Amino acid sequence: MTLKFPHLVAVCICAASPVLAGDAPVALTYDQFEIAVPHLDLAECPDSITHEGTFCRATLHNDEIHIFAFSEEGNQSFVGFTSFPADGLAALLKE
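Residue indices follow the written sequence of each chain, beginning from 1 at its first position. With pLDDT at 70 or above as the cut-off, local features in this predicted model cover only qualifying residues; side-chain atom pairs require 80 or more to be listed or tallied, and sums for whole chains, interfaces and linings still use all residues. Excluding hydrogens and water, the side-chain figures rest on all heavy atoms present in the structure.

Asker: Any chance you could explain the overall build of the chain here in plain terms?
Answerer: A count of helices and strands for the chain gives three helices and four strands. Per the convention used, a helix needs a DSSP run of H or I reaching at least four residues, while a strand needs a run of E reaching at least two, with both numbered from the N terminus. Helices and strands appear in the chain in the N-to-C order α-α-β-β-β-β-α. Burial classes follow relative accessibility: with a 1.4 Å probe on protein chains only, a residue under 20% of its type's maximum area counts as buried, one over 50% as exposed, and anything between as partly exposed. Relative to its full complement of 95 residues, the chain shows a buried share of 31%. For this analysis, residues touch if any pair of their heavy atoms sits within 4.5 Å. Within the chain, contacts between residues separated by at least 24 positions form 33% of all contacts whose residues are at least 6 apart in sequence. Accessible areas in this description were obtained via Shrake-Rupley with a 1.4 Å probe; residue shielding takes into account the shown protein chains only. Accessible surface, the chain as shown: approximately 6600 Å² in total, 57% of it carbon and sulfur.

Here it is as structure tokens:
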């Protein structure tokens, strides 16, 4: 079975969290993401998820580039997500 990337992140976060808050939703923070998901820091967020006071991280999975946006405020909660095809990425990495 192949997990879609958002499901993979959820599994990683659940495995890293010793206690979940029952039925109440639990916000994904950057601290949790940083420990559970291998990623690269981005200097800028893509236009589609750029907002004032956010920063982005990128990861590769299933031939796609996944971008996660987090708030710079408070506990740095997850605030956005987008994906792009990774077509042509191999050629760029070989240069």
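After that view, the rundown keeps rolling.
Asker: When you look at the confidence of the model for the chain in this model, what are you seeing that I'm missing?
Answerer: Caution applies to low-pLDDT parts of the model: their predicted coordinates are not meant to be read in detail. Averaged over all residues, the pLDDT of the chain equals 79, while 67% of them reach at least 70. Confidence of the prediction at every residue is given by pLDDT, a number between 0 and 100. Within the chain, the lowest mean pLDDT, 51, falls on helix H1 (residues 5-16), and the highest, 95, falls on helix H2 (residues 30-36). Below a pLDDT of 50 lies the segment residues 11-18, which in the model reaches eight contacts outside its immediate sequence neighbourhood of four places, other chains included.

Asker: Would you mind showing me how to read the state of the cysteines here?
Answerer: Here, disulfide denotes a covalent bond that connects the sulfur atoms of two cysteines. Here, the term disulfide refers to a pair of cysteine sulfur atoms separated by no more than 2.5 Å. This model, assessed by the stated rule, comprises one disulfide. Between the sulfur of Cys-45 and that of Cys-56 lies a disulfide, 1.9 Å long from S to S. Taking the sign of the torsion about the S-S bond as the criterion, the disulfide between Cys-45 and Cys-56, at about 110 degrees, is right-handed. Here the residue Cys-45 occupies a position in the loop between strand E1 (40-41) and strand E2 (54-61), and Cys-56 occupies one in strand E2, the gap between them amounting to eleven residues.

Asker: When you look at the sheet that holds E2 in this model, what are you seeing that I'm missing?
Answerer: Sheet strands pair by backbone hydrogen bonding; their relative direction is either parallel or antiparallel. A sheet is described by the order of its strands in space; here four strands give the open sequence E1-E2-E3-E4, paired in antiparallel fashion. If you trace the sheet from one side to the other, it starts and ends with E1 and strand E4 (78-85), each paired once. A strand pair is defined by DSSP finding two or more bridges across the two strands.

Asker: Mind showing me how you'd approach the side chain of Thr-29 here?
Answerer: Turning to its location among the elements, Thr-29 is positioned in the loop between H1 and H2. Here Thr-29 falls in the buried class, since its relative accessible area comes to 13%. The residues touching Thr-29, leaving out its near neighbours within four places in the chain, are Phe-70, Asn-75, Gln-76 and Ser-77.

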